[in-house]
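# A look at the structure
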Amino acid sequence: MRDDSMTHVAIIDDEREVCTFLEHFLTSKGFTVKVAYSGEQSDLLMDGPPFQLAMIDVKLPDTNGFAILKKLKEKQPNCKVIIMTGFSTVKTAIEAIKLGANDYIEKPFDDLDQLEALIDEMITHDASIVQSEANRLAGEVGFITGQNEEMNHLLTIAYKIAKKNINVLIQGETGTGKEVLAKFIHQASCRADQTFIGVNCGALSESLLESELFGHEKGAFTGATQLRKGLFELANSGTLFLDEIAEASPAIQVKLLRVLETREFMRVGSEKVFRTNARIVAASHVNLDEAVREKKFRQDLLYRLNVVKLEILPLRKRIDDISTLLSHFLEKYDAQHITFTTEAMRLLETYDWPGNIRELVNVVTRAITLSEGETTQITKDYLPCYIQNTNKKEYEEKEVKRSFSESIINHEKSRTNPYFSDLKKYLDNWNAELLFYWQSDQAVPLEVITEKIKELEDVTGKAFIKKALNSTLGNRKEAADLLKITPRQLRYLFKEKKHSPL
Ligand SMILES: Nc1ncnc2c1ncn2[C@@H]1O[C@H](COP(=O)(O)OP(=O)(O)OP(=O)(O)O)[C@@H](O)[C@H]1O
């Protein structure tokens, strides 16, 4: 007769020694244990009374951990699952987490305290606690999610894997919050009280980036007047955030690969080998699989970086999060008294947000500033003209185009987006807005003005690049020559400008 006051655990693994060890270990903790050595035997277990926890090996002779996980989640949805994996199959275990496993542990079990802590956590914590802990920390760091299920799932996965010592790759369009997510992972990890340092690999020349990353000895090159520690050294027990990793040159990619493989590096101008324990979180708005196919990015480096890949949705695909984001920003700017009219909300939910959350922040701060002293209700008139002019049909047309192909998307967007289609209109609006601020009796936060100036630089620069590309029929090399910049700079400007993936 089964005693339901006890904790019931299933172990599914074809390695008999592992099963024997776990059976002893768990029985000594007062749990009852059932063992299956194959998929067939595990089917029998799953058809029986429910388990609180199942520990499942990734590889079995007649099936794999994914298939067992799927069946278990169907038959016993409340059963927690720990996937057991060898080092070489960590990526597989991460996939299992994405599919609903609660955690994974590497075999052999070197650290029994860690094993015990993991099992205890599984038994005592229910999933809603993990979710609410993740949400609390996300609120603290400023990575807000609302109703969107995919984003909430991503947040939970980020929270779970944060505690593991593995590299993470974050992909997402510009302004979607890649850096904020990297900070969240750092804060949720055991390294939270250590350093978090970030570097934008596209913003520095090759030699500067090399010395930034690895440091240099005094006299290593002209201008190296003193020894400088690099980021791998400074972030030794913390997290190193490599932003826009796709922009790293081939030579830097080789050097990064070496550090990721061996954990060793040398300062520029020195032969001495240093070790680093920095956790790497890399980010890119470029699809790195595509960059590998186009031979712009090393496959072996990508393999090392994306032990876990997290993809943040663009804002237009998480429209259901807009109201939560708005409330967050209103609170952040101490403007909780402000509300948005239904019409204004509809416009915000219909606009396609090429600059993603960064652009939303700008729109909210602008609306707060403009409405100050006038009203507490944001109507459509307090939104920028290009958002007021958005209509549903135009949006839907863009959606269809978007799914057509990435390259066509980018081209179409630049053509149809009112932001770029008419530079003169944009400049007139910009001028009018700035004059409005200037003539306003209210003090305008300088941040709003500097953001507008950056936006002007972005939009105008992009318009001129687009003009040059039009005249060279899309030939980037020739366009770069016309603009008297290098093709690399053109690529950078082309992709990095904040408000508009061309
Ligand atoms: N989920 C979020 N909740 C609240 N604010 C967010 C969120 N995501 C991004 N932001 C805000 O949007 C702005 C851009 O975020 P961030 O710099 O992390 O984006 P990014 O994807 O790294 O951009 P880029 O690709 O241009 O470097 C910041 O002001 C950030 O605070």
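- With an unreviewed UniProt entry as reference, the chain is termed Two component sigma-54 specific Fis family transcriptional regulator, source organism Schinkia azotoformans LMG 9581.

### Concerning the site of the ligand
- In the region of the ligand, 18 residues are neighbours, and Ile-144, Thr-174, Gly-175, Lys-178 and Arg-358 sit closest.
- One of the backbone nitrogen or oxygen atoms of Ile-144 is found 2.9 Å away from a nitrogen atom of the ligand.
- Considering the ligand on its own, with 630 Å² of exposed area, one finds that the protein chains cover 87% of that surface.
- Put simply, the parts of the chain that give the shell around the ligand at least two residues each are helix H8 (178–188), helix H14 (322–332) and helix H16 (356–371).
- A per-element tally of the shell around the ligand places H8 first, with three residues.
- Of the residues contributing to the shell around the ligand, the split by class is six nonpolar, five polar and seven charged.
- Residue-level mapping places the shell around the ligand at the junction of two domains, with at least three residues from each of domain 2 (133–311) and domain 3 (316–496).

### Some remarks on helix H1 (residues 16–28)
- For H1, built from 13 residues, the straight-helix expectation of 18 Å at 1.5 Å per residue is met to within 8% by its first-to-last C-alpha distance of 18 Å.
- Here H1 has its buried residues at Val-18, Cys-19, Leu-22, Phe-25 and Leu-26. The buried side chains of H1 occupy one side of the element, clustering within an arc of 135° when seen end-on. In H1, the exposed positions angled more than 90 degrees off the buried face are occupied by Glu-17, His-24 and Ser-28.
- Buried positions along H1 lie against strand S1 (8–12), strand S2 (32–36), strand S3 (53–57), strand S4 (80–85) and helix H5 (112–124).
- Gly-30 lies just past H1 and shows a positive phi near 90°.

### Quick notes on the sheet that holds strand S10 (residues 239–243)
- One open sheet accounts for five strands, arranged S7-S10-S13-S6-S14; its pairing is parallel. Two strands close off the open sheet at either side, each with one partner strand: strand S7 (196–200) and strand S14 (308–311). With strand direction ignored, the average angle separating the axes of adjacent strands in the sheet is 20°.
- Against the sheet, H8 makes contact with strand S6 (168–171), S7, S10, strand S13 (279–284) and S14, and its axis sits at roughly 155° relative to S6, the strand it touches most.

### Some words on the sheet that holds S2
- Read across the open sheet, the five strands follow the order S2-S1-S3-S4-S5; overall the sheet is parallel. A strand with exactly one partner marks an edge of an open sheet, and here the two such strands are S2 and strand S5 (103–106). Taking the axes of each pair of neighbouring strands and ignoring which way they run, one obtains an average angle of 20° across the sheet.
- Relative to S4, S3 runs parallel, the two being bridged by five bridges. Bridging across to S4, Ile-56 finds its partner in Ile-83.
- Helix H2 (residues 39–47) rests against S1 and S2 of the sheet, and its axis sits at about 140° to S2.

### Structural notes on the packing of helix H22 (residues 446–471) against helix H23 (residues 476–483)
- Running from N to C, H22 and H23 point in directions that differ by 125°, and their axes come no closer than 8 Å. Regarding the angle of H22 to H23, the classification is oblique. The two elements H22 and H23 cross, and the hand of that crossing is right-handed. Contact with H22, carried on its side by Phe-464, Ile-465, Ala-468, Leu-469 and Ser-471, involves Arg-476, Ala-479, Leu-482 and Leu-483 of H23 and no other residues of that element.
- Looking at the contact of H22 with H23 residue by residue, the class counts come to seven nonpolar, one polar and one charged.

### Structural notes on the nonpolar core
- Counting residues in each nonpolar core, the largest one holds 52 residues, and the members touching the most others are Ile-83, Ile-170, Leu-181, Phe-184, Ile-185 and Leu-310.
- Considering every element that reaches this core, the biggest residue donor is helix H7 (residues 149–162), with eight residues.
- Domain assignment of the residues forming this core places at least three in each of domain 1 (8–125) and domain 2 (133–311).
- Core analysis: the next-biggest nonpolar cluster, separate from the first, contains 37 residues, Ala-344, Leu-360, Tyr-386 and Tyr-437 among them.

Definitions and cut-offs
Residues numbered from 1 in each chain as written. Predicted model: local features only at pLDDT ≥ 70, side-chain atom pairs only at ≥ 80, totals over all residues. Heavy atoms only, no water. Near = heavy atom within 4 Å. Polar contact = N/O pair within 3.5 Å; in protein donor to acceptor, adjacent residues only side chain to side chain. Areas by Shrake-Rupley, 256 points an atom, 1.4 Å probe, with all protein chains shown as cover. Helix = DSSP H or I, 4+ residues; strand = E, 2+ residues; numbered from the N terminus. Nonpolar A, V, L, I, M, F, W, Y, C, P; charged D, E, K, R; others polar. Domains from an automatic or database assignment. Expected span 1.5 Å × (residues − 1). Buried < 20%, exposed > 50% of the residue type's maximum accessible area, 1.4 Å probe, protein only. Arc of directions from axis to C-beta. Contact = heavy atoms within 4.5 Å. Pairing = 2+ DSSP bridges. Axes fitted to C-alpha atoms, helices over the stretch in contact; angles between N-to-C directions. Parallel < 35°, antiparallel > 145°, perpendicular 65-115°, else oblique. Left-handed = near helix turned anticlockwise from the far one by under 90°. Core = buried A, V, L, I, M, F, W, Y, C linked by side-chain atoms within 4.5 Å.

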